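Now for the letters of each chain:
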Amino acid sequence: FRRIPKNIKLRLPLLCIILEVILIVLFGTLVEYNDDTDAKLWNENRNHSATRNDHENEFYYRYPSFQDVHVMIFVGFGFLMTFLQRYGFSSVGFNFLIAAFSLQWATLMQGFFHGLHHGKIHVGVTSMINADFCTGSVLISFGAVLGKTSPVQLLVMAIFEVTLFAVNEFILLSIFGANDAGGSMTIHTFGAYFGLMVTRVLYRPNLDKSKHRNSSVYHSDLFAMIGTIYLWMFWPSFNSAITNYGDPQHRTAMNTYYSLAACTLATFAFSALVNPEGKLDMVHIQNAALAGGVAVGTAGEMMLTAFGSMIVGFLAGTISVLGYKYLTPVLESKLKIQDTCGIHNLHGMPGVLGAVVGSVTAALASPEVYGHGLQRVFADVETGKWNPQSKGGFQAISLAVTLGMALFGGLITGLILKLPIYGAPPDTQCFEDGLYWEVPGEEESQHELYEVATSNEVEKLSS
Amino acid sequence: FRRIPKNIKLRLPLLCIILEVILIVLFGTLVEYNDDTDAKLWNENRNHSATRNDHENEFYYRYPSFQDVHVMIFVGFGFLMTFLQRYGFSSVGFNFLIAAFSLQWATLMQGFFHGLHHGKIHVGVTSMINADFCTGSVLISFGAVLGKTSPVQLLVMAIFEVTLFAVNEFILLSIFGANDAGGSMTIHTFGAYFGLMVTRVLYRPNLDKSKHRNSSVYHSDLFAMIGTIYLWMFWPSFNSAITNYGDPQHRTAMNTYYSLAACTLATFAFSALVNPEGKLDMVHIQNAALAGGVAVGTAGEMMLTAFGSMIVGFLAGTISVLGYKYLTPVLESKLKIQDTCGIHNLHGMPGVLGAVVGSVTAALASPEVYGHGLQRVFADVETGKWNPQSKGGFQAISLAVTLGMALFGGLITGLILKLPIYGAPPDTQCFEDGLYWEVPGEEESQHELYEVATSNEVEKLSS
Amino acid sequence: FRRIPKNIKLRLPLLCIILEVILIVLFGTLVEYNDDTDAKLWNENRNHSATRNDHENEFYYRYPSFQDVHVMIFVGFGFLMTFLQRYGFSSVGFNFLIAAFSLQWATLMQGFFHGLHHGKIHVGVTSMINADFCTGSVLISFGAVLGKTSPVQLLVMAIFEVTLFAVNEFILLSIFGANDAGGSMTIHTFGAYFGLMVTRVLYRPNLDKSKHRNSSVYHSDLFAMIGTIYLWMFWPSFNSAITNYGDPQHRTAMNTYYSLAACTLATFAFSALVNPEGKLDMVHIQNAALAGGVAVGTAGEMMLTAFGSMIVGFLAGTISVLGYKYLTPVLESKLKIQDTCGIHNLHGMPGVLGAVVGSVTAALASPEVYGHGLQRVFADVETGKWNPQSKGGFQAISLAVTLGMALFGGLITGLILKLPIYGAPPDTQCFEDGLYWEVPGEEESQHELYEVATSNEVEKLSS
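In this text the structure is predicted, and so the values were computed from the model without any measurement. (Residues numbered from 1 in each chain as written. Chains lettered and ligands numbered in written order. Predicted model: local features only at pLDDT ≥ 70, side-chain atom pairs only at ≥ 80, totals over all residues. Heavy atoms only, no water.)

J.: Help me understand the interface of chain B and chain A in this model?
T.: In many reports, interface size means the accessible area that the parts give up when they come together. Between chain B and chain A, the contact holds 97 residues from the first and 93 residues from the second. Together, the buried faces of chain B and chain A total about 8200 Å²; carbon and sulfur atoms form 69% of this surface. The shortest N-O distance in the salt bridge between D54 of chain B and R376 of chain A comes to 2.4 Å. Elements represented by at least two residues in the side of chain B that touches chain A include exactly α2 (11-30), β1 (31-33), α3 (39-48), α4 (58-80), α5 (88-113), α6 (125-145), α9 (218-240) and α18 (446-454) of chain B. Within the side of chain B that touches chain A, the residues separate by chemical class into 51 nonpolar, 26 polar and 20 charged. (Contact = heavy atoms within 4.5 Å. Buried area = accessible area lost by both parts, 1.4 Å probe. Salt bridge = Lys/Arg side-chain N within 4 Å of Asp/Glu carboxyl O. Helix = DSSP H or I, 4+ residues; strand = E, 2+ residues; numbered from the N terminus. Nonpolar A, V, L, I, M, F, W, Y, C, P; charged D, E, K, R; others polar.)

Shown next, in the form of structure tokens:
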């Protein structure tokens, strides 16, 4: 029995400290309050213009949505991944760590690419939502490598993924003028294919040595349902969080609500249908029921109608269950893609579906349907450059660029993560909290405790 | 050992798919965006009227309340019912399924009865809240039959219950002009007595064959407390979600907050008081502490005062605990009502109390107390038909109608559910997830895992 | 074997009933709706002034924040304390009880001290937030005595602590004109040192007889993480809940968000660093990661900048982990302070840090930085009495007064709680639910259940 070498044990703490110090220095140099959070600027505006009353501060339009998104990132993703029997601490804990890092790093990267103001990054509730969105993308990738990576690897992955996310987002939104408020492309497709490529590069041929731990137990599945239900409930807030005020925000939330409801019925139907005994599978319910939110991430703000949303949701739930049942095993055996959470089924395919739906819905947009609301959904109407066909085309090109960026970025990042310097778990120790956490001992025998509780010791209650 | 016949195993998937296809077709035919969600309509209004700024979109008044209600429906009800030791998957999962179906069906039924616009149903955040409310009623009934019904039965129950809910709601709100913003009558009384009648018709004389599973274990009670606490915290949002803007919404939330606080102290007091050893009972804490929210569901928007709310809450908690202790066993033994969750104590009696309190509070309403706010609470003031005594009378009649509709509807629905075609569990298999779910195996021996984690395998950490 | 004497068993119920009756009488005598919740007053204002539209009701500015605070109080604190293996019912349940009592009592005490209106206490959403804040302070103290006190003791503690909290808050905010929107001093420092003094007075030399129960098990740590994550996510709402509308509320939420993110990285870093094997400790992650929220509770509404917030958060996480590792054992062995949850590390030291940061940030405030926003943060600017140095001084004095009030109040309260009349648990029965709760029996053998589920009984499915 040998001690862990000191240089291994120091890697996580030193990386955390160095990263945070760099973040603090960059924030000190580059970040400023925006017009709605700065005491001087907000109150100057208020005095000079009758229309900037306090209730018009973006805080009141966006903060409730932000909090719902925040819950999805930390509780939703965190608990969704606790389904593994011996990886609950790591699922919630590493999710917490890499999310707390990524949201800071994303603020810098997105601020840098989305427009500096005299060399400064301006922050407010919208930048907080965007940073959480970017973080979501990293957590999607985390789902693919769950149980097979050290926290150091995860932080390194986050550094690269956040950076590439910001580049891709810049190309899509600022160069192509694409619509993607709920992130079918920028968040889900990008995060999924990035993560799948990383896990492909990190392929472990002997992973079946940890197979007995790569499954759930009864209570771990219930913890995971906490994550599922919160993701499901708050997805309408996610997709609508950064749409325009008024009808777009309202409409996006409602479209997402209907898409998810239809998706849930499809998920239950197909989960029972593909099971030899007609039983439901928790893996499907926990994941595929959410695909409806992913698939209206682009078109949700458009005039998709409840009808359209439900069709999209139904399709998303269907392909997601079928993916879990038939595609995931093939990806693993043929393509050597070990996808722990099945992100290809929850974020990959539904994300691509969402991009296609968004492209078609944009190509069908017309002033007859949108009226004066057209420019509130498609910002380039005002610049006169808008026509629906080219808009639909740019949406489609955006999907292609996203796939390319994700696969290329995942390849490079995967190769970097393959270096044997991060304390990755051995094949026999995957899906195991004990490597990185102090794990508590067994519970006291319950029988013994009951005895005590009802015994004559109770007499001794001070009285 | 025989295989499950194929026609049994296909029933749930086929029913889900058929229902969703019908819903999609009906939504495509009948449903339109309302003035606040349609791009054209909202922006026309904005241009023609100075008063319709974006912050006046109903989204900003109602969406935070909607999200709280949504949490109550999916997390609150879902986890409250996980207290059973072997029925956690079904509690959360079937709750999820029937809620996702019911909210779509309720949108159609409520839209149909509450006023079509040129033959179309208009949807927005208010219709979303109302659909969630109707869903809540179905989930209350689910509590009575929990563990004893197949998912197919639950969906069939939801079809009928949602329909009758919409009819009853139409009679109360549109014909009688009754007040019931938080649904003491429409949601709680209706859902409870409907469910009690259904479970009466489905009486199982040999249910004690599954008695050993009809109880909690330590961790299942903690999961149930997640449900309880979320219901408790967000009940102020529930009762205020569709009241008028401004003072009524504010006042309703506050009245509910005080009612619940007083109810909680009553619950702890009487739970200990009725126990031979003075110990607290989790069943009471999980359920009776919520009765205060039910009991101010009608009067909460009125000038009930904090004082009045606390008295009502205290009474509700008291009768609820006493009901669990003394009434539920009698209902089962004498009236053959097997009420798994004790919905009579949480929703039935407190709902009736709430209706009575609402009737009395309405009968005492006066312009001296409400000032110009009178018509914002009692809409019929404007039509000149209002006088407090007749108002109080209509509130009381509304209770009677609700009880009649619920019992009659529950009887018919129960008889339909008694048909032997839904794959209901046998008496020996009630309260058991294994019938409908793939249940995971036992956990790896913890001892073994710890050994591994601290063993010399750690040396092999790649470094 | 003797029965529990009847007078013991009656104490909790009688105390609850008497307290609630007193509360109801006092509310009936003293409490009125405020201008924003009273039907007459709100609608009079609306008619007389064009500026009081419904969307300006304080409900819409504050209610989403209130709900987040409410979640922190009931889910956050409640589940954070479920980490003990056999004290989950008491952690969530007693948290529920004393919070429900404290928020009612706090409404009266704070209303009494913060300004009566013609002898009446006016209530609305702001008083609800303030009552929840005061409740938070009691729950912090609960953390120190967790597992070692009866519910009767906890209620008695709450009576005294709420009262002294209101006095201290009155001195700080009304007499000194101090800023403390997020309660670094009034809530965290006060609650922590009050609780530490109480647990010191209640010192149990033989507590190691219950040592085997004073630890977590695997799933209890996951339940505790639910509490942690909710506290972490909603802390931005907590600190900003009662700041001024507009830029202060927006800025406070954002500063807290950055402080917590930086704190989390520091927590992971130092948790691994102080562990001999480089492993992470759940106790640190569950608690120290929250210290960043505590430490910006005073300065968060000021122009602290994201940069400053992150430095404060990083420091807070660091001292909190170091406190758990090195200070807590010393406090117990040398000073006889048995601090179950380590509140000194989460609320005590970070609270003092927050007070110091607030004092310094206030002393550096200038009209150049704040512009016309100065008086929206520092209310005494308008009265002309403001200058930054004296402001900073009053902030520092406020910390000293808070420490004095907390230690003195905790001493008196501890002595009162030491009386042998409250049914406190014996030393052998600490950290044990069975004394106060009906605890469910063992789970059915899972093996047996699986067998049943897959057995030929399934044939009997009605069909």
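J.: Could you clarify how one ought to interpret helix α14 (residues 343-363) of chain A in this entry?
T.: The α-helix winds at 3.6 residues per turn, so residues separated by three or four positions along the chain end up facing the same way. Residues and elements named next belong to chain A. End to end, α14 covers 29 Å across 21 residues, agreeing with the expected 30 Å (1.5 Å per residue, within 8%). The principal kink in α14, of about 25 degrees, is found at G351. Most of α14 sits out of view: 16 of its 21 residues are buried. (Expected span 1.5 Å × (residues − 1). Bend = angle between axes of the 7 residues up to and from the residue. Buried < 20%, exposed > 50% of the residue type's maximum accessible area, 1.4 Å probe, protein only.)

J.: Where do I start with the packing of helix α5 (residues 88-113) of chain A against helix α9 (residues 218-240) of chain C in this structure?
T.: Angle between the axes and distance between the axes: these two values describe a pair of packed helices. Look at α5 of chain A against α9 of chain C: their axes get within 9 Å of each other, and the N-to-C directions meet at 20 degrees. When the axis of α5 of chain A is compared with that of α9 of chain C, the two are roughly parallel. Judged by the sense of rotation from one axis to the other, the crossing of α5 of chain A with α9 of chain C is left-handed. Taken together, the residues of α9 of chain C that come into contact with α5 of chain A (itself represented by G88, F89, V92, F96, A100 and L103 of chain A) are Y218, D221, L222, M225, I229 and W232 of chain C. Looking at the contact of α5 of chain A with α9 of chain C residue by residue, the classes come out as 10 nonpolar, 1 polar and 1 charged. (Axes fitted to C-alpha atoms, helices over the stretch in contact; angles between N-to-C directions. Parallel < 35°, antiparallel > 145°, perpendicular 65-115°, else oblique. Left-handed = near helix turned anticlockwise from the far one by under 90°.)

J.: How do you make sense of the interface of chain C and chain A when you look at a structure like this?
T.: Each partner contributes residues to the interface: chain C has 93 residues there, and chain A has 96 residues. Across the chain C to chain A interface the summed buried area is about 8100 Å²; carbon plus sulfur atoms make up 69%. For the pair chain C and chain A, the number of links is 1 salt bridge. Applying the counting rule to chain C against chain A returns 28 residue pairs in polar contact (both at pLDDT 80 or more). Every element with two or more residues in the side of chain C that touches chain A is listed here: α4 (58-80), α9, α10 (247-273), α11 (282-287), α13 (305-335), α15 (367-370) and α18 (446-454) of chain C. At 18 residues, the largest contribution of residues to the side of chain C that touches chain A is made by α10 of chain C. The residue inventory of the side of chain C that touches chain A, partitioned by class, reads 53 nonpolar, 25 polar and 15 charged. (Polar contact = N/O pair within 3.5 Å; in protein donor to acceptor, adjacent residues only side chain to side chain.)

J.: What should I look at first to understand the side chain of T199 of chain B in this one?
T.: Along the chain, T199 of chain B turns up in helix α8 (residues 184-201). Once residues within four sequence positions are removed from consideration, T199 of chain B is found in contact with A144, V145, K148, I337 and Q338 of chain B.

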